[in-house]
Amino acid sequence: MSVVGFDIGNENCVISAAKHRGIDVLLNEESNRETPAVVSFGEKQRFMGAAGVASAMMHPKSTISQVKRLIGLNFSEPDIQNELRVFPFKTSEGPDGGILIHLQYLSESLTLTPIQILAMLFSHLKEIAEKNLETAVSDCVIGIPSYFSDLQRHAYLNAAEIAGLKTLRLMHDGTATALGYGIYRTDSSESGPTHVVFIDIGHCDTQVTVASFEAGQMKILSHAFDKSLGGRDFDEVLFNYFAVQFKEQYHIDVYSNARACIRLRTACEKLKKVLSANAEAPLNIECLMDEKDVKGFIKREEFEKLSMGLLERMRLPCNKALVDAGLTLDMINSVELVGSGSRVPAITRMLTSFFNREPRRTLNASECVARGCALQCAMLSPTFRVRDYEVQDSFPFSIGFSTEEGPVCTLSNGMLFPKGQPVPSMKVLTVHRSSTFRLEAFYADQNELPSGVSPQISCFTIGPFQVSHTEKAKVKVRVQLNIHGIVSLESACLVEEQVDDSATRGNRHSSVDKVEPGNTSRVSSDAVHSHAEDGSSLQPESSPMSSSDGTRKKRSSRRLEIPVSENVYGGMTKADVLKAQEREVQLTQQDRIMEQTKDRKNALESYVYDTRNKLFNTYKSFATDSEREGISTNLQQTEEWLYEDGDDESERVYTGKLEDLKKLVDPIESRYKDEEARAQATRDLLKCIVEYRMAVKSLPTCDRDVVINECNKAEQWLRDRTQQQDSLPKNTDPLLWSNEIKAKAEALDMTCKHILRSKASPPRPEDNQGPDVPHTADNMHTD
């Protein structure tokens with residue numbers, strides 16, 4: 001079994017696998033280490049990865065890229081509307097407020113969600129991994145941005161499930177990077193923890209993670225981010241600069257043409273990379289729009305001036321990460337810079353100025369997240385042995401809970417899971433209810449969230465249940481912030497306490513339960529008494545109690561599991577996931593059919609060219625003039641048909657055409673092949689005759705004469721038939737086929753072997769005994 005790590009970037013994806021010798025990055029079908037995060041729909045087939053990029057120019061309005069920016073977000077949000085204006089494909093608002101993508105496929109209108117597109121990417125990456133590892137792939141760890149909401153995390157899990165993957169963990173990008181950095185460190189300081197800042201500048205976002213390393217463990221102190229600041233924003237600066245320039249110089253509006261926008265953005269991305277190593281760079285694009293060739297030029301200084309606002313924005317998440325971690329600049333031991341957008345020299349200068357030290361690049365900028373995810377997957381999988389290393393992540397948002405009667409929170413900080421809460425974590429709520437009730441999970445501080453994220457998370461319905469008395473019963477609810485960073489309700493149970501003496505005297509118990517072990521606190525109102533705890537231990541099932549008269553009463557409790565149902569706001573239901581899986585199977589089957597069709601078409605085209613070449617070279621002497629002329633005509637007609645009417649046909653049609661051609665060519669090919677086979681069969685038969693003539697010398701005269709007679713008859717038959725065959729031209733069907741000679745050799749071999757085997761003398765028992773051994777039945781001496 002193999003375990004893999006996936007880094008789904010906004011522009012490219014990286015797959016890494018854990019092997020017994022370490023962590024390897026897997027190559028795709030083009031032998032590249034990065035696979036474009038692109039899904040393109042042709043007229044009858046999907047194209048993904050590099051093939052999707054190649055198809056984008058022909059099908060710009062049916063090519064979906066940067067789907068990571070659309071996952072789990074609301075269509076009506078202003079930031080999402082700005083994102084959608086850049087994309088060439090059509091979108092609309094779904095029934096749940098999400099995004100729907102509209103495109104043409106198989107001459108029909110097809111509507112998909114971003115989750116379905118992401119599932120297609122996962123399927124493609126899974127296929128690449130399975131081809132590389134030559135085994136099935138199921139267990140995986142997936143890297144996600146730290147700013148992802150609960151809904152976005154659910155979306156990633158759903159997409160992986162649709163693709164047939166089992167996600168062991170959704171891991172923050174910064175945490176995965178820190179794990180790959182820290183687990184190999186051998187220079188742990190004895191004076192205290194080592195603090196490292198990881199700055200990941202990706203294609204569309206910037207994430208800053210502060211980690212603390214000690215021997216055998218790492219702890220994430222803080223996550224900070226700017227989800228709208230990445231390498232593509234620097235590309236957009238160049239795009240807007242040249243779009244304005246071309247409109248003035250060439251009178252073309254690039255914004256009005258989807259294909260021109262794609263080509264110019266691609267050219268600007270390459271130009272940015274050139275400017276990273278050169279002081280100036282030209283831009284040349286042939287036939288960009290309206291059959292006009294365009295040229296441009298820019299200096300690095302001018303580019304950096306245009307990007308000054310972006311560079312200043314990068315200081316904000318860096319400063320926030322330090323404040324949340326409670327560290328100062330002099331407490332930072334190192335700064336590590338990674339990410340595909342980190343290669344701009346001005347970014348390095350700005351970070352050097354901010355941290356008072358130059359950032360290091362000891363990690364692979366594009367592969368560190370995938371490597372860390374694969375390493376975590378190996379640590380979670382039972383099939384790999386990885387040295388003990390503790391990974392403690394933190395959650396960047398505050399989460400609260402409420403019931404219909406008010407918020408459920410702790411007295412100290414006003415929220416159940418405060419910002420910076422370790423992941424995973426569990427708390428136990430105790431509430432008093434007599435019937436079904438609901439718990440609402442929400443983000444407690446809207447200012448911590450990225451723009452466009454709803455503060456609502458999910459709703460849990462607990463019940464139905466019945467109590468045996470009229471008073472409200474105690475209900476214990478286990479709430480978890482799980483390993484994926486998703487809020488879940490693990491279980492709920494009804495606790496009914498019973499006392500052996502119903503008439504109790506003296507002091508009454510408080511309406512608020514005794515605080516259970518762990519860091520606990522409680523809040524009470526007129527109708528609800530609840531508390532939360534970090535520990536998982538519960539009250540014992542029974543305990544003694546004392547009444548006011550000093551007598552000991554025995555109290556026991558009965559626990560009953562209560563059903564729980566969950567509703568993730570905006571999330572997919574199980575029925576939705578099953579429906580999406582069925583759709584994915586149908587699309588995959590269609591892709592397979594089209595691939596088989598292309599294979600048959602290519603086989604037919606290849607057969608036409610190969611046969612034409614052989615017909616006038618290899619097969620020339622084995623075909624008559626009329627056969628060559630007829631076959632040549634058929635080959636020419638088939639070639640013309642392939643590039644005209646037969647350009648888009650079914651697999652069955654291509655197979656039929658190939659079979660028709662083979663019927664014409666096979667007789668000629670058989671003559672050619674049989675000539676060489678006939679020569680080899682002749683040599684084998686003659687060799688067999690010589691061997692048996694040598695082997696009969698020890699046989700009696702009558703048997704020897706039979707064998708030699710058979711050999712002479714076979715030799716004479718071969719001589720006669722060979723003379724007849726040699727008298728015929730090569731372009732006619734052979735009179736003597738190689739299989740006839742093989743059959744003659746087999747018959748001779750069988751006859752002679754039978755004679756030799758029957759005349760061989762079996763060994764006598766006496767021959768196996770020594771000369772001094774007496775011939776007695778029991779081989780024993782008697783007195």
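A brief report on the enclosed structure follows.

Here is what the cut-offs are and how they apply
Sequence order as written defines the numbering, with residues in each chain counted from 1. Reporting in this predicted model follows two pLDDT cut-offs: at least 70 for local features of residues, and 80 or more for side-chain atom pairs to be given and counted; totals over whole chains, interfaces and linings ignore these cut-offs and use all residues. Each side-chain value is worked out from all heavy atoms of the structure, with water and hydrogens disregarded. Among buried residues, the Ala, Val, Leu, Ile, Met, Phe, Trp, Tyr and Cys ones that are joined through side-chain atoms within 4.5 Å form a nonpolar core. For every residue, the accessible area obtained with a 1.4 Å probe (protein chains only) is divided by the maximum for its type, and the residue is called buried under 20%, exposed over 50%, and partly exposed between those limits. We count a stretch as a helix when DSSP gives it H or I for four or more residues in a row; a strand needs E for two or more, and each element gets its number in order from the N terminus. Each domain span listed reflects an automatic or database assignment of domains. At least two DSSP bridges between two strands are required for those strands to pair. The angle between two axes is taken between their N-to-C directions and runs from 0 to 180 degrees, where each axis is a line fitted to C-alpha atoms and a helix contributes only its stretch in contact. The contact criterion used is simple: two residues touch if any of their non-hydrogen atoms lie within 4.5 Å. Salt-bridge detection follows one rule: a side-chain nitrogen of Lys or Arg within 4 Å of a carboxyl oxygen of Asp or Glu. Points on a 1 Å grid, built from protein atoms alone, make a cavity when a 1.4 Å probe fits but cannot get out and make a pocket when they are open with protein on both sides within 12 Å along at least 5 of 7 lines; residues with an atom within 4 Å of a point are the lining residues. Grid points are joined across faces, edges and corners, and a volume is the space filled by probe spheres set on the points. Here the nonpolar group is Ala, Val, Leu, Ile, Met, Phe, Trp, Tyr, Cys and Pro; Asp, Glu, Lys and Arg are the charged ones; every other residue, Gly included, is treated as polar.

## Re the nonpolar core
Alright, step 1. Formed by 87 residues in total, the largest nonpolar core has its most connected members in Phe-6, Phe-41, Phe-122, Tyr-156, Phe-401, Leu-439 and Val-477.
Alright, step 2. If one sorts the elements of this core by residue count, helix 3 (residues 114–133) sits on top with eleven residues.
Alright, step 3. The two domains that each donate at least three residues to this core are domain 1 (4–230 + 309–380) and domain 3 (397–497 + 562–568).
Alright, step 4. Membership of the second largest hydrophobic core comes to 50 residues, among which are Val-197, Leu-264, Leu-275 and Ala-321.

## Quick notes on the sheet that holds strand 9 (residues 99–105)
Alright, step 1. Ordered in space as 8-9-10, the three strands form an open sheet in which the pairing is antiparallel. The open sheet has two edge strands with one neighbour each: strand 8 (90–93) and strand 10 (108–112). The mean inter-strand angle of the sheet, taken between neighbouring strand axes irrespective of direction, is 35 degrees.
Alright, step 2. One ladder, built from four bridges, connects strand 8 with strand 9; its direction is antiparallel. Bridge pairing in strand 9 links Ser-92 to Leu-100.
Alright, step 3. Strands strand 9 and strand 10 of the sheet are contacted by helix 3, whose axis makes an angle of about 90 degrees with strand 10.

## A word on the pattern of salt bridges
Alright, step 1. Enumeration over the complete set of coordinates arrives at 32 salt bridges.
Alright, step 2. Measuring nitrogen to oxygen at the nearest pair gives 2.6 Å for the salt bridge that ties Arg-33 to Glu-367. Of this pair, Arg-33 sits in the loop between strand 3 (22–25) and strand 4 (35–36) while Glu-367 sits in the loop between helix 11 (345–355) and helix 12 (368–380), and the two are 334 residues apart along the sequence.
Alright, step 3. Among the residues examined, Arg-33 registers a relative accessible area of 39% and is labelled partly exposed.
Alright, step 4. What emerges from the salt-bridge pattern is a single network uniting Arg-33, Glu-367 and Arg-371.

## Some details on the environment of Gly-174
Alright, step 1. Tracing the sequence through the fold places Gly-174 in helix 5 (residues 173–182).
Alright, step 2. Remark: the alpha-carbon pair of Gly-174 and Ala-211, spanning 37 residues in sequence, is separated by 8.9 Å.

## A closer look at empty space enclosed by the protein
Alright, step 1. Applying the stated criterion across every chain yields a total of four cavities of 30 Å³ or more.
Alright, step 2. As a volume, the largest cavity reaches approximately 50 Å³.
Alright, step 3. Along the walls of the largest cavity sit Asp-173, Gly-174, Thr-177, Phe-198, Ile-199, Asp-200, Gln-207 and Thr-209, which together make up its complete lining.
Alright, step 4. Looking at the lining of the largest cavity residue by residue, the classes come out as two nonpolar, four polar and two charged.
Alright, step 5. Of the volumes computed, that of the second largest cavity is approximately 40 Å³.
Alright, step 6. In terms of lining, the second largest cavity is formed by Arg-153, Arg-169, Leu-170, Met-171, His-172, Asp-393, Val-423, Ile-483, His-484 and Gly-485.
Alright, step 7. Partitioning the lining of the second largest cavity into residue classes produces four nonpolar, three polar and three charged.
Alright, step 8. In this structure, the lining of the second largest cavity is formed jointly by two domains, domain 1 (4–230 + 309–380) and domain 3 (397–497 + 562–568), each of which donates at least three residues.

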